[in-house]
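Next come the chains, spelled out residue by residue.
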Amino acid sequence: MEKENKLIDDICDGFNGKSKAAELCEKASRLYAEKNYADAAALWRTAAEEENCAEALYYLGICYNYKLGVGGETEENCAVKAKEYFLRAAELGHAEAQCFAALCYNYGIGVEKDTEKALYWFKKSAEQNCVQAMNNLGYFYEQGSGSEEDRNYEEALKWYKKSADLGNSTGQLGVGKAYYYGYGAVRDYKEAVKWFTLAAEQGLADAQFRLGECYDDGNGVEENAEQAFVLYKQAAKQGHAKAQCYAGYCYEYGLGVRENMQEALNWYNESAKNGYFQAYCNLGCCYERGDGVKKNMQTAIEMYKKGAELGSTMAKYNLGNVYAFGKGVKVNNEIAVKYYAEAAENGLAEAQYNLGQHLYKGLGVKQDDEDAAYWFLQSARQGDSDAQYKIGYFYMNGIGVDEDEQEAFNWFKKSALQGDCDSAYMVGVCYEEGMGVEEDCDEAREWYERAVEYGSKEAKKALKKLK
């Protein structure tokens with residue numbers, strides 16, 4: 001609505017003299033500003049029908065689009081009439097109307113969807129320096145029809161850049177994202193930071209959030225937790241759901257700000273109200289642990305379920321643990337497997353490992369060594385040390401995979417280097433017995449000693465025998 005009010009404030013700019021259409025539009029704009037939408041719409045209708053005034057046609061389209069001052073018209077009728085007025089104004093060369101006409105065709109508002117006509121009108125509008133049209137063109141090419149091969153990132157960047165060069169914050173954000181992700185340009189974090197900063201300085205919440213991420217991760221700028229928090233907080237105050245969750249996380253763990261559990265909970269709750277899935281998961285963790293709130297496993301489960309329904313992979317994993325270990329519920333491995341599988345499919349290494357364990361042991365699912373090996377391998381490739389040990393064990397013993405001592409040794413060593421005592425012991429065994437690696441008693445001793453430091457009793461016995 002603020003955008004439309006701004007447009008109305010400028011309605012009569014550029015009129016030379018006092019034509020009838022100009023006078024009607026001036027009166028209509030004043031009435032609109034006073035929220036007398038019905039009388040404003042009546043005057044615009046007169047100017048539109050009697051004078052064929054493009055400006056009046058456009059604003060009459062706005063009235064129907066937002067159902068302001070148009071009586072008891074149905075939503076469907078309003079959409080049709082809005083499109084008709086936008087299109088009439090567009091054909092008379094009105095840039096903003098051309099953009100709205102394009103949107104109608106693009107989303108099938110009051111007319112059958114037609115991407116070719118949408119593209120035609122977006123370009124017509126953009127040629128008249130309408131930044132909204134430029135941004136819409138950027139989005140149009142960025143998204144394509146939804147498939148990766150149908151997207152044209154170079155063309156998207158071109159239009160975002162045109163908008164950005166005119167100082168538009170949405171265009172600046174689009175350019176920043178292109179450089180950040182390497183869409184249509186070589187990935188360049190410093191260039192991304194430059195454009196995010198320009199948009200953030202204009203108060204664009206998503207730009208503030210993304211710039212905060214850059215400071216958080218040290219991408220394109222020196223890592224600075226304090227500055228990251230400031231930016232998250234700025235975006236959070238504007239209702240940016242993800243930034244609200246990040247601000248809560250900063251307060252919970254004292255990242256860039258003094259630890260404050262109540263502030264963390266406040267921001268998690270705000271984020272959850274705005275539908276951000278991870279906020280529900282974080283709230284669930286707080287209730288499970290009793291951090292800042294009274295420990296309540298039932299509320300934790302409720303939060304996890306809401307997060308899982310919204311797509312939180314971690315919430316699904318946590319629910320898997322709830323049912324696998326009987327946290328506030330009876331143990332139910334079938335339900336645990338369901339949640340582990342969903343989280344595993346989404347790429348969460350911990351869930352992949354736990355799913356592998358259930359498949360290997362036949363807990364809540366039919367026992368299947370090959371499937372277990374598959375999930376252990378997926379998890380191991382992501383660096384999970386427990387999974388690396390397990391897949392090493394599988395290769396060593398030919399469980400679910402072809403026996404391969406060298407592959408087993410490689411996975412044992414990867415896990416051992418992360419401090420896993422069982423894996424360090426197995427590396428020692430491999431060196432002592434020449435399994436998957438050339439026999440080397442000195443190396444075996446070194447790894448047994450390391451395993452002992454990690455707490456391996458077997459390695460302690462092996463050392464005695466080796467000496």
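Parameters at a glance
- Residues numbered from 1 in each chain as written.
- Predicted model: local features only at pLDDT ≥ 70, side-chain atom pairs only at ≥ 80, totals over all residues.
- Heavy atoms only, no water.
- Helix = DSSP H or I, 4+ residues; strand = E, 2+ residues; numbered from the N terminus.
- Rg over C-alpha atoms; globule rule 2.2 N^0.38 Å.
- Buried < 20%, exposed > 50% of the residue type's maximum accessible area, 1.4 Å probe, protein only.
- Contact = heavy atoms within 4.5 Å.
- Axes fitted to C-alpha atoms, helices over the stretch in contact; angles between N-to-C directions.
- Parallel < 35°, antiparallel > 145°, perpendicular 65-115°, else oblique.
- Left-handed = near helix turned anticlockwise from the far one by under 90°.
- Nonpolar A, V, L, I, M, F, W, Y, C, P; charged D, E, K, R; others polar.
- Phe/Tyr/Trp six-rings, centres within 6.5 Å; stacked < 30°, edge-to-face > 60°.
- Expected span 1.5 Å × (residues − 1).
- Polar contact = N/O pair within 3.5 Å; in protein donor to acceptor, adjacent residues only side chain to side chain.
- Core = buried A, V, L, I, M, F, W, Y, C linked by side-chain atoms within 4.5 Å.
- Salt bridge = Lys/Arg side-chain N within 4 Å of Asp/Glu carboxyl O.
- Patch = residues over 30% accessible without salt bridge, like charges linked within 9 Å, V, L, I, M, F, W, Y side chains within 5 Å.
- Areas by Shrake-Rupley, 256 points an atom, 1.4 Å probe, with all protein chains shown as cover.
- Lys, Arg positive; Asp, Glu negative; His and termini not counted.
- Charge placed at Lys NZ, Arg CZ, Asp CG, Glu CD.
- pLDDT = per-residue confidence, 0-100.

Caption draft 1: Local environment of the overall build of the protein chain. Assigned secondary structure in the protein chain consists of 26 helices and 0 strands. For the protein chain, whose C-alpha radius of gyration is 31 Å, the value lies well above the compact-globule estimate of 23 Å for 467 residues. In terms of principal-axis extent, the alpha carbons of the protein chain reach across some 105 × 50 × 45 Å. Within the protein chain, the fraction of its 467 residues that count as buried is 48%. Contacts spanning at least 24 positions in sequence make up 44% of the contacts within the protein chain whose residues lie at least 6 apart.

Caption draft 2: Structural view of the packing of helix α13 (residues 225-237) against helix α14 (residues 241-253). Running from N to C, α13 and α14 cross one another at 135 degrees; their axes reach a closest spacing of 8 Å. Put simply, α13 runs oblique to α14. As for the relative orientation of α13 and α14, their crossing is left-handed in sense. For the pair formed by α13 and α14, the contact residues are F229, Y232, K233, A235 and A236 on the first element and A243, Q244, Y246, A247, C250 and Y251 on the second. A per-class count over the contact of α13 with α14 returns 9 nonpolar, 1 polar and 1 charged.

Caption draft 3: Molecular detail of the packing of aromatic side chains. Considering all chains together, one arrives at 31 aromatic pairs under this definition. Aromatic side chains Y58 and F86 sit 6.0 Å apart centroid to centroid with 45 degrees between the ring planes, which places their arrangement in the tilted category. In this pair, Y58 sits in helix α4 (residues 54-65) while F86 sits in helix α5 (residues 75-91), placing the two residues 28 residues apart along the sequence. F86 matches Y58 in its accessibility class, with the two residues each being buried.

Caption draft 4: Structural context of helix α19 (residues 333-345). Over its 13 residues, α19 runs 18 Å from end to end, which matches the ideal 18 Å to within 8%, given 1.5 Å per residue. The complete set of buried residues in α19 reads N333, A336, V337, Y339, Y340, A343 and A344. Here α19 starts with a cap whose side-chain oxygen sits 3.2 Å from the backbone nitrogen of E334, and that cap is N332. Note on α19: the residue one or two positions beyond its end, G347, has a positive phi of about 95 degrees.

Caption draft 5: Summary view of unusual backbone geometry. The phi angle at N52 is positive, at roughly 50 degrees, despite the residue not being glycine. Positionally, N52 belongs in the loop between α3 (37-51) and α4. Accessibility expressed as a relative area gives 41% for N52, which makes it partly exposed. A positive phi angle, near 65 degrees, is found at N129, a position not held by glycine. Its location among the elements puts N129 in the loop between α7 (115-126) and α8 (131-143).

Caption draft 6: Here's a closer look at the nonpolar core. W44, Y58, F86 and F122 are the most contacted members of the largest nonpolar core, which has 98 residues in total. Top contributing element to this core by residue count: helix α6 (residues 95-107), with 9 residues. Membership of the second largest hydrophobic core comes to 56 residues, among which are Y304, L359, F376 and A459.

Caption draft 7: Focus on the pattern of salt bridges. Taken as a whole, this structure holds 16 salt bridges when the rule is applied. The residue E155 makes a salt bridge to K158 at a minimum N-O spacing of 2.9 Å. You can see E155 and its partner K158 sitting in helix α9 (residues 153-165), 3 residues apart, about one turn around the helix. Under the relative-accessibility criterion, K158 is labelled partly exposed at 36%. The shortest N-O distance in the salt bridge between E191 and K194 comes to 3.5 Å. Residue E191 and its partner K194 are located together in helix α11 (residues 189-201), separated by 3 residues, close to a single helical turn. The exposure class of E191 is partly exposed, given its relative accessible area of 22%.

Caption draft 8: Looking closely at a positive patch on the surface. Where like charges cluster on the molecular surface, the positive patch consists of K457, K460, K461, K464 and K465. Along the chain, K465 turns up in helix α26 (residues 457-466). On the basis of relative accessible area, K465 is assigned to the exposed category, the value being 73%.

Caption draft 9: Just α7, in detail. Here α7 is 12 residues long and its end C-alpha atoms lie 16 Å apart, about the 16 Å a rise of 1.5 Å per residue gives. Buried residues in α7 make contact with α5, α6, α8 and α9. By the N-cap criterion, in which a side-chain oxygen at the helix start approaches the backbone nitrogen of a residue two or three places on, α7 is capped by D114, the distance to E116 being 3.2 Å.

Caption draft 10: Seen up close, a nonpolar patch on the surface. Taken together, the side chains of Y107, I109 and Y139 make up a nonpolar region of the molecular surface, amounting to roughly 300 Å² of accessible area. Looking at where I109 falls in the secondary structure, it is placed in the loop between α6 and α7. A relative accessible area of 31% places I109 in the partly exposed class.

Caption draft 11: Focus on the confidence of the model for the protein chain. Mean pLDDT over the protein chain: 94, with 95% of residues reaching 70 or higher. Low pLDDT, under 50, characterises residues 1-17; the stretch is placed with 24 contacts to residues that sit more than four places away or in other chains.

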